[in-house]
Amino acid sequence: ARIHAEPIYRDYVGEHEPHALITLYGDEVLPPNNKVIKVSMYDLTPTVLAYMGLPIPSNTDGTPLTEVFSIELPSAKMKINYLQRLKTLRRIRKL
């Protein structure tokens, strides 16, 4: 599937693919095994958040790529509604 953008400038049309090439490096990253994993550009943010130990927004389209890490990523299963949390904090702040 391709995503086509309307021309913003004369003779210019943006074209984007939802697929992504992600390269990871580090002690916790498993060595390559020549296996191709289907990855979407939407998987990048949840992967980085899970690696950092942060909860993933509940409305995120992607999923964390836990299979590429040698360590357990417990926060990969944690979902949070950041908008609801922000509204709650604003209410508390007004008190």
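Residues numbered from 1 in each chain as written. Predicted model: local features only at pLDDT ≥ 70, side-chain atom pairs only at ≥ 80, totals over all residues. Heavy atoms only, no water.

1. Some words on the overall build of the chain
(1) Moving on: Tallying secondary structure elements over the chain gives two helices and four strands in all.
(2) Moving on: Starting at the N terminus and walking to the C terminus, you meet the elements of the chain as β-β-α-β-β-α.
(3) Moving on: Counting all 95 residues of the chain, 23% fall into the buried class.
(4) Moving on: Sequence-distant contacts in the chain: of pairs separated by 6 or more residues, those separated by 24 or more amount to 29%. (Helix = DSSP H or I, 4+ residues; strand = E, 2+ residues; numbered from the N terminus. Buried < 20%, exposed > 50% of the residue type's maximum accessible area, 1.4 Å probe, protein only. Contact = heavy atoms within 4.5 Å.)

2. So, helix 1 (residues 44–51)
(1) Moving on: Inspection of helix 1 places Pro 46, Thr 47, Leu 49 and Ala 50 among the buried residues, and these make up the whole buried set. The buried side chains of helix 1 occupy one side of the element, clustering within an arc of 165 degrees when seen end-on.
(2) Moving on: Considering only its buried residues, helix 1 is in contact with strand 3 (56–57).
(3) Moving on: Downstream of helix 1 by a residue or two, Gly 53 has a phi angle that is positive, lying close to 80 degrees. (Arc of directions from axis to C-beta.)

3. Some thoughts on the packing of aromatic side chains
(1) Moving on: Applying the stated rule across the entire model yields one aromatic pair.
(2) Moving on: Their ring planes at 20 degrees and their centres at 5.3 Å tell us that Tyr 51 and Phe 69 sit as a pair that is stacked. One end of the pair, Tyr 51, is in helix 1; the other, Phe 69, is in the loop between strand 3 and strand 4 (79–80), with 18 residues separating them in the sequence.
(3) Moving on: Its relative accessible area of 40% is what places Tyr 51 among the partly exposed residues.
(4) Moving on: Overall, Phe 69 belongs to the buried group, its relative accessible area being 9%. (Phe/Tyr/Trp six-rings, centres within 6.5 Å; stacked < 30°, edge-to-face > 60°.)

Just distances and angles here, no functional claims.
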